[in-house]
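Here is how the chains run, residue by residue.
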Amino acid sequence: MRKTNYEKLGALMTERKFLPKDLNISSRQINYWKGKLVLPFFTNEKKRGYMSFSEAFWMLIVNELSNVGINSKKIETLSENIWVIPMKEKYADKVFKEHLKNNKDYL
């Protein structure tokens, strides 16, 4: 992939343009998930806010898991492992440093 393609992809992934209503998920459901800590990118002060693609995608995954009967405690654990721990351990920084060190794909 070329450098410009990486830049465009990065811009699309980080642009905050999705609202929960765009995903047909009720505010009542979102408030429940926020209380159960399955949406770590939503703070309690953030009543209504735009989400990035990855945040919106995670919300859709949580919704599907909930719809098939996975309990919120298991989803909370999954959320911790997917969102919180990698953020605390700065996983993305490690990946970028490794790519920059090896100069893979001209990043």
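So, a few notes on the structure that sits alongside this text.

About the cut-offs
Residues numbered from 1 in each chain as written. Predicted model: local features only at pLDDT ≥ 70, side-chain atom pairs only at ≥ 80, totals over all residues. Heavy atoms only, no water. Helix = DSSP H or I, 4+ residues; strand = E, 2+ residues; numbered from the N terminus. Buried < 20%, exposed > 50% of the residue type's maximum accessible area, 1.4 Å probe, protein only. Contact = heavy atoms within 4.5 Å. Areas by Shrake-Rupley, 256 points an atom, 1.4 Å probe, with all protein chains shown as cover. 1 Å grid on protein atoms, 1.4 Å probe; cavity = no way out; pocket = protein on both sides within 12 Å on 5 of 7 lines; lining within 4 Å. Points joined across faces, edges and corners; volume = space filled by probe spheres on them. Nonpolar A, V, L, I, M, F, W, Y, C, P; charged D, E, K, R; others polar.

What follows covers the overall build of the chain. From N to C terminus, the chain includes five helices and zero strands. For the chain, the succession of helices and strands along the chain, N to C, is α-α-α-α-α. Taken over 107 residues, the chain has a buried fraction of 23%. Taking all contacts inside the chain whose residues are at least 6 apart in sequence as the whole, residues at least 24 apart take part in 66%. Put simply, the chain shows about 8100 Å² of open surface, and 56% of that area lies on carbon and sulfur atoms.

Inspection of the secondary structure assignment puts Ser79 in helix α4 (residues 72-88). Assessed through its relative accessible area of 0%, Ser79 is described here as buried. In contact with Ser79, not counting residues within four places along its chain, are Leu37, Val38, Leu39, Pro40, Trp58 and Val84.

Estimates place the volume of the largest pocket at around 360 Å³. Every residue lining the largest pocket is counted, 14 residues in all, and those nearest its centre are Ile82, Trp83, Pro86, Tyr91 and Ala92. Listed by contribution, the elements that provide at least two residues to the lining of the largest pocket are α3 (53-67), α4 and α5 (91-102). The dominant element in the lining of the largest pocket, judged by the number of residues it contributes, is α5, at five residues. Residue composition of the lining of the largest pocket, by class: eleven nonpolar, one polar and two charged.

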